[in-house]
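Coordinate analysis (summary)
Single-letter residue listing:
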Amino acid sequence: MWQAKTIMMNGELVPFERAAIHPLSLAVTYATTVFEGIRAYKLAEPGRFAFFRLREHLDRLRFGMKVMRMAPALEHDYLADCLTRVLRANEPDDDVYIRLLVYIEGQGLMATTGPIGFTAAAMPRERPRFAETGMTLGVSSWSRLSDNASPPRVKATANYHNARLTQMQAKADGYDGALMLTPAGKVSETPIACFFMVREGRLITPGPSSNILESVTRDTLLTLYREWRGEPAEVREVDRSELYLADEAFVCGTGQEIIPVVSIDRLPVGDGQPGPLTRQLQARYFDAVRGASGQHPEWRTVI
Ligand SMILES: Cc1ncc(COP(=O)(O)O)c(C=O)c1O
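Residues numbered from 1 in each chain as written. Predicted model: local features only at pLDDT ≥ 70, side-chain atom pairs only at ≥ 80, totals over all residues. Heavy atoms only, no water.

**Quick notes on the overall build of the chain**
Filter applied, for reference: Strands here mean DSSP runs of E at least two residues long; helices mean DSSP runs of H or I at least four residues long; both are numbered from the N terminus. Only heavy atoms enter the contact rule, under which two residues are in contact if any of them lie within 4.5 Å. The accessible surface values rely on the Shrake-Rupley method and a 1.4 Å probe; as for residues, cover is taken only from the protein chains in view.
Helix and strand counts for the chain come out as eight helices and 15 strands. Across its three principal directions, the C-alpha atoms of the chain cover 50 × 50 × 35 Å. The contacts in the chain between residues at least 6 apart in sequence include a share of 69% that link residues at least 24 apart. Approximately 13,900 Å² of the chain is accessible, and the part contributed by carbon and sulfur atoms is 52%.

Structure, rendered in structure tokens:
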């Protein structure tokens, strides 16, 4: 597997191990960072890659900067050019995962708004190991952050304190991952991915008011499902006990792609194996990201 050797900081390429940020920056002291995980998939044509849904990732980043009152905004064209440069500089020979972080580099009091810095790191990323076998989830006793406290709709690193507590508890309890509930007890999402379930042939996923990140992958799957089945999925609240009625379940995200869920709270999901609808959506998703079927060219930025 290829190795990351160069990282971009504020538009300059620097050796990977030399990247540094001051410990007194607001980014470190108050977690004033928004970020994106973006994939660039290797295409069949040598040396070509396609960023998947780059515009939507950059839109969400810009939204996060606005909510966190970081100024000035970074232009999409400039960031897209930086991502292309950092990808090329690393000479990958396989799929690339890019982590793009924008943060307040300035030091000072909490209301400091700048200067803004950014880092783009291009890294190899193995296919998640549960993609074939499926994973086990446990419902967490930690609640998902609520919109009026630390909005999950903003992809801020600060939100991953809640996510990490949840993840660490799940690991300690012997699960592969966690599922979080809102403070009102409705199903929300996992620490790093959104949640879908299938019940009696219908695809169901919690909506944005269930304190989820408005995931690009979730939106992709909702679109692919509607086009494939000719009807929309159900976007609605899900009770904890409805989880135990699921015939299939899976989680999704840019990094996770689509991972089947085979049990929740040690109760099998369906027959305890990855389900057929999940497998279909996995196949359609991988077609879409590499453009195999040629559909949705607007989703791929080819470089
Ligand atoms: C909490 C959370 N939910 C959902 C997702 C999936 O989002 P996306 O599909 O935009 O990568 C992620 C991934 O970054 C995440 O961290």
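**Looking at the packing of helix H2 (residues 54-67) against helix H3 (residues 76-89)**
Convention followed: Throughout, an axis means a line fitted to C-alpha atoms (over the contacting stretch in the case of helices), and angles, computed between N-to-C directions, take values from 0 to 180 degrees. In this scheme, roughly parallel covers angles under 35 degrees and roughly antiparallel covers those over 145, while 65 to 115 is roughly perpendicular and the rest are oblique. Left-handed describes a crossing whose near helix is turned anticlockwise from the far helix by less than a right angle; the clockwise case is right-handed. Gly is placed with the polar residues, together with every amino acid not listed as nonpolar (Ala, Val, Leu, Ile, Met, Phe, Trp, Tyr, Cys and Pro) or charged (Asp, Glu, Lys and Arg).
Viewed as axis vectors pointing N to C, H2 and H3 meet at an angle of 120°, and their least axial separation amounts to 11 Å. Relative to H3, the element H2 lies oblique. Pair H2 / H3 crosses with right-handed handedness. Residues Leu54, Arg55, Leu58, Asp59, Leu61 and Arg62 of H2 touch H3, and the partners they reach there are His76, Leu79, Ala80 and Leu83. Among the residues making up the contact of H2 with H3, the classes are represented as six nonpolar, one polar and three charged.

**Section: the site of the ligand**
Heads up, the condition is: Here a residue counts as near a molecule or strand whenever at least one of its heavy atoms sits within 4 Å of it. Under this definition, polar contacts are N or O atom pairs within 3.5 Å; protein pairs additionally need one hydrogen-donor-capable and one acceptor-capable atom, and for neighbouring residues in sequence, both atoms have to be side-chain atoms.
Every one of the 17 residues lining the ligand counts as a neighbour, but Lys155, Tyr160, Glu189, Thr217 and Thr254 are closest to it. Within the contact set of the ligand, an oxygen atom lies 2.8 Å away from a side-chain nitrogen or oxygen of Arg60. Burial of the ligand by the protein amounts to 94% of the accessible area it has alone, namely 390 Å². When contributions to the shell around the ligand are tallied by element, the ones reaching two or more residues are helix H6 (216-229) and strand S12 (248-253). Partitioned by chemical class, the residues of the shell around the ligand number eight nonpolar, five polar and four charged.

**A short note on the packing of H6 against helix H8 (residues 276-290)**
Running from N to C, H6 and H8 point in directions that differ by 110°, and their axes come no closer than 10 Å. It follows that H6 is roughly perpendicular to H8 by the angle criterion. Within the contact between the two elements, H6 uses Thr217, Thr220, Leu221, Leu224, Tyr225, Trp228 and Arg229 and H8 uses Leu277, Gln280, Leu281, Arg284, Tyr285 and Ala288. Of the residues in the contact of H6 with H8, the class split is eight nonpolar, three polar and two charged.

**Some remarks on the domain arrangement of the chain**
Here is the rule: The split into domains, and so the bounds of each, comes from an automatic or database assignment of domains. The salt bridge definition used is simple: a Lys or Arg side-chain nitrogen within 4 Å of an Asp or Glu carboxyl oxygen.
When cut into domains, the chain gives domain 1 (6-123) and domain 2 (130-290). With 24 residues of domain 1 at the contact, the number on the domain 2 side is 20 residues. The salt bridge partner of Arg53 is Asp219, with a shortest N-O separation of 2.8 Å. The interface formed by domain 1 and domain 2 contains 10 residue pairs in polar contact (both at pLDDT 80 or more).

**Side note on the pairing of S12**
For clarity, the cut-off: Each residue's exposure class comes from its accessible area (1.4 Å probe, protein chains only) as a fraction of the maximum for that residue type: buried when under 20%, exposed when over 50%, partly exposed otherwise. At least two DSSP bridges between two strands are needed for those strands to be called paired.
Buried residues dominate S12, accounting for six of its six residues. Side-chain alternation along S12 places Glu248, Phe250 and Cys252 on one buried face and Ala249, Val251 and Gly253 on a second face that is also buried. By the bridge criterion, five bridges tie strand S9 (residues 194-199) to S12 in an arrangement that is antiparallel. Bridge pairing in S12 links Phe195 to Val251. Once S12 ends, the chain turns through three residues before running back antiparallel as strand S13 (residues 257-264).

**Some remarks on H2**
Operational definition: Given a helix with a known number of residues, its expected span is that number minus one, times 1.5 Å.
With 14 residues, H2 ought to run about 20 Å at 1.5 Å a step, and its terminal C-alpha atoms sit 20 Å apart, in line with that. Within H2, the full set of buried residues consists of Leu54, Glu56, His57, Leu58, Arg60, Leu61, Gly64 and Met65. Remark: Arg69 follows H2 within two positions and exhibits a positive phi of approximately 55°.

**Structural notes on the environment of Thr84**
Relative to the helices and strands, Thr84 resides in helix H3. Separated by 50 residues in the primary sequence, Thr84 and Gly134 place their C-alpha atoms 33 Å from one another.

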